[in-house]
Amino acid sequence: MGTNTIEKTITKNDLNKVFFRSLFIRSCLNFERQQNLGFSNAMSPIINKLYNNEEDRIEAYERHMQLFLTNPMMSGAVLGVTVAMEEEKSKGTGVTGVSIGAVKTALMSPLAALGDSLLSGTARPIVAGVAASLALSGSILGPILFFAVMSIISIGIKYYGVTQGYSRGINFVTDIQESGLIDRITELAGVAALVVIGGFIPVVVSLSTSLEYISGETVISLQEQLDTLIPGILPLGLTLFIYYLIRKTNLSAVSLIVFTMIIGIAGTYLGIF
């Protein structure tokens, strides 16, 4: 391999280039190596700066063209750590291409699980629930809120991952995992998500009964009695029933939608709903 003679110190401007390119990490998603093209594109400013020898550059690009797949919002941390390792390798400190690939592979799964549970599975449903409530009320703030909040969360986490991943290296991820902070945040966020989503059931799910009990001139509406006892019990019951079917059966989402439509049509025709 050739000897590198150019400046190898990564600057904040270099990290910004990696960050902006990381926003498009899924733009060339493929079924063979997933996000490898997006990852290589994000690393290209670093590779071109650190390696002035063509052979070294080709080796680096080939290294990052291997399979890469993680939660897009958490990819910044992997990029930051990889930048730090590439910088060390270019200085000849003993870091090898094999170790860089091994670290990337080791980080993919835990960060994917963290991003899917904490961000996709918790933050997004909460924000979507609030936004959906506003949209159902006719407010244009619903979609605007969802877009703005999720953009701030995803972009902020990715930028923080790139900068901290570079400055702290592999210790950035291990310190977070060993602190137990993620587990506590995930648990609390999960509870908050269930509470928020549960609160939106009467707003999002609409179900009422038209059944009445008639005795002489007395007419008793079943719906009014249910609202007096437990308001929103029918939407809640329907939601729990669908949740039970999801957990206990192999019915697909489309099948459950068709099933719900059939029940609604039949119930309306029979005068139940």
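Residues numbered from 1 in each chain as written. Predicted model: local features only at pLDDT ≥ 70, side-chain atom pairs only at ≥ 80, totals over all residues. Heavy atoms only, no water.

1. Concerning the overall build of the protein
The test is simple: Secondary structure elements are defined from DSSP: runs of H or I of at least 4 residues count as helices, runs of E of at least 2 residues count as strands, and each element is numbered from the N terminus. The rule is simple: take the accessible area with a 1.4 Å probe, protein chains only, and divide by the maximum for that residue type; under 20% is buried, over 50% is exposed, in between is partly exposed. Whether two residues are in contact is decided by their heavy atoms, any of which lying within 4.5 Å being enough. Per-residue and other accessible areas were derived by the Shrake-Rupley procedure at a 1.4 Å probe size, with only the shown protein chains allowed to occlude residues.
Along the protein, the regular secondary structure elements total 12 helices and two strands. Residues counted as buried form 33% of the 273 residues belonging to the protein. Put simply, 69% of the contacts in the protein that link residues at least 6 apart link residues at least 24 apart. Surface accessibility of the protein: about 15900 Å² in total, with carbon and sulfur atoms responsible for 66%.

2. Things to note about the pairing of strand E1 (residues 212–215)
Within a regular beta strand, the side chains point alternately toward one face of the sheet and then the other, so they alternate between its two faces. Let me state the cut-off plainly: The pairing criterion for strands is at least two bridges between them, as found by DSSP.
Of the strand pairs in this sheet, E1 and strand E2 (residues 218–221) are connected by four bridges, and their pairing is antiparallel. When the bridges of E2 are listed, Tyr213 appears paired with Ile220. Remark: two residues form the turn of the hairpin made by E1 and E2, two consecutive strands paired antiparallel; Gly216 in that turn has positive phi of roughly 65 degrees.

3. Details of the pattern of salt bridges
Which entries qualify depends on this criterion: What makes a salt bridge here is a side-chain nitrogen of Lys or Arg within 4 Å of a carboxyl oxygen of Asp or Glu, nothing more.
For the structure shown, the criterion picks out six salt bridges. Measuring nitrogen to oxygen at the nearest pair gives 2.7 Å for the salt bridge that ties Asp14 to Lys49. Placement of the pair is Asp14 in helix H1 (residues 12–22) and Lys49 in helix H2 (residues 36–50), with a sequence separation of 35 residues. For Glu59, the salt bridge identified is with Lys89, shortest N-O distance 3.8 Å. With a gap of 30 residues between them, Glu59 in helix H3 (residues 54–64) and Lys89 in helix H4 (residues 75–90) connect regions that are remote in the sequence.

4. Regarding the environment of Arg57
Tracing the chain through its elements places Arg57 in helix H3. Its relative accessible area of 28% is what places Arg57 among the partly exposed residues. With 13 residues separating them along the chain, Arg57 and Ser44 place their C-alpha atoms 9.2 Å apart. Sequence-distant contacts of Arg57, defined by excluding residues within four places in its chain, comprise Ile47, Asn48, Tyr51 and Asn52.

5. Notes on unusual backbone geometry
Notably, Gln34 is not glycine yet its phi reads approximately 60 degrees, a positive angle. Looking at the secondary structure, you find Gln34 in the loop between H1 and H2.

6. Details of a nonpolar patch on the surface
Keep this limit in mind: By definition, no residue in a patch forms a salt bridge, and every one has over 30% relative accessible area; like charges are joined within 9 Å, nonpolar side chains (Val, Leu, Ile, Met, Phe, Trp, Tyr) within 5 Å.
Taken together, Leu211, Leu222, Phe241, Tyr244, Phe259, Ile263, Tyr269, Leu270, Ile272 and Phe273 make up a surface patch of nonpolar side chains, about 980 Å² in accessible area. Of all elements in the fold, only helix H11 (233–248) and helix H12 (253–269) reach the threshold of two or more residues within the nonpolar patch. The element contributing the most residues to the nonpolar patch is H12, with three residues. Position of Phe273 among the secondary structure elements: in the segment after H12. Residue Phe273 is classed as partly exposed on the basis of its relative accessible area of 33%.

7. What about the packing of aromatic side chains?
Under the convention used in this document: Each Phe, Tyr or Trp ring, with Trp reduced to its six-membered ring, pairs with another whose centre is within 6.5 Å; inter-plane angles below 30 degrees give stacked pairs, above 60 give edge-to-face pairs, and intermediate values give tilted ones. Two conditions define a charge located above a ring, namely a distance within 6 Å from the ring centre to NZ of Lys or CZ of Arg, and an angle within 35 degrees of the ring normal.
The tally for this structure, following the rule as stated, stands at four aromatic pairs. For the ring pair Phe19 and Phe20, a centre distance of 5.2 Å and an interplane angle of 55 degrees mean the geometry is tilted. Classification of Phe19 as buried rests on a relative accessible area of 7%. Aromatic side chains Phe19 and Tyr159 sit 5.1 Å apart centroid to centroid with 85 degrees between the ring planes, which places their arrangement in the edge-to-face category. Taken together, the residues Phe19 in helix H1 and Tyr159 in helix H6 (residues 141–168) connect sequence positions 140 residues apart. For Tyr159, a relative accessible area of 30% translates into the label partly exposed. Positioned above the aromatic ring of Phe39, the side-chain terminus of Lys104 is 4.0 Å from the ring centre.

8. Some points on the side chain of Ser40
With respect to the element layout, Ser40 can be found in helix H2. Residue Ser40 is classed as buried on the basis of its relative accessible area of 5%. Residue contacts for Ser40: discarding those within four places in its chain leaves Tyr61, His64 and Met65.

9. A few points about the confidence of the model for the protein
Rules: By definition, pLDDT measures how confident the predictor is in each residue, and it falls between 0 and 100.
Per-residue confidence for the protein gives a mean pLDDT of 82; residues scoring 70 or more make up 88%. Helix H7 (residues 171–179) is the least confidently modelled element of the protein, averaging 64 in pLDDT, while H1 averages 93, the highest of any element.

10. Brief notes about the packing of H4 against H6
Under the convention used in this document: Geometry is summarised by axes, namely lines fitted to C-alpha atoms with helices restricted to the contacting stretch, and by angles between N-to-C directions that run from 0 to 180 degrees. Each angle is binned into one of four classes, with values under 35 degrees roughly parallel, values over 145 roughly antiparallel, values of 65 to 115 roughly perpendicular, and all other values oblique. Crossings are classed by handedness, with left-handed meaning an anticlockwise turn of the near helix from the far one by less than a right angle and right-handed meaning a clockwise turn.
Interhelical geometry of H4 versus H6 gives an angle of 25 degrees and a closest axis separation of 6 Å. In terms of axis orientation, H4 runs roughly parallel to H6. The two elements H4 and H6 cross, and the hand of that crossing is right-handed. Listed contacts from H6 to Ser75, Gly76, Ala77, Gly80, Val81, Val83, Ala84 and Glu87 of H4 are Lys158, Gly161, Val162, Gly165 and Tyr166.

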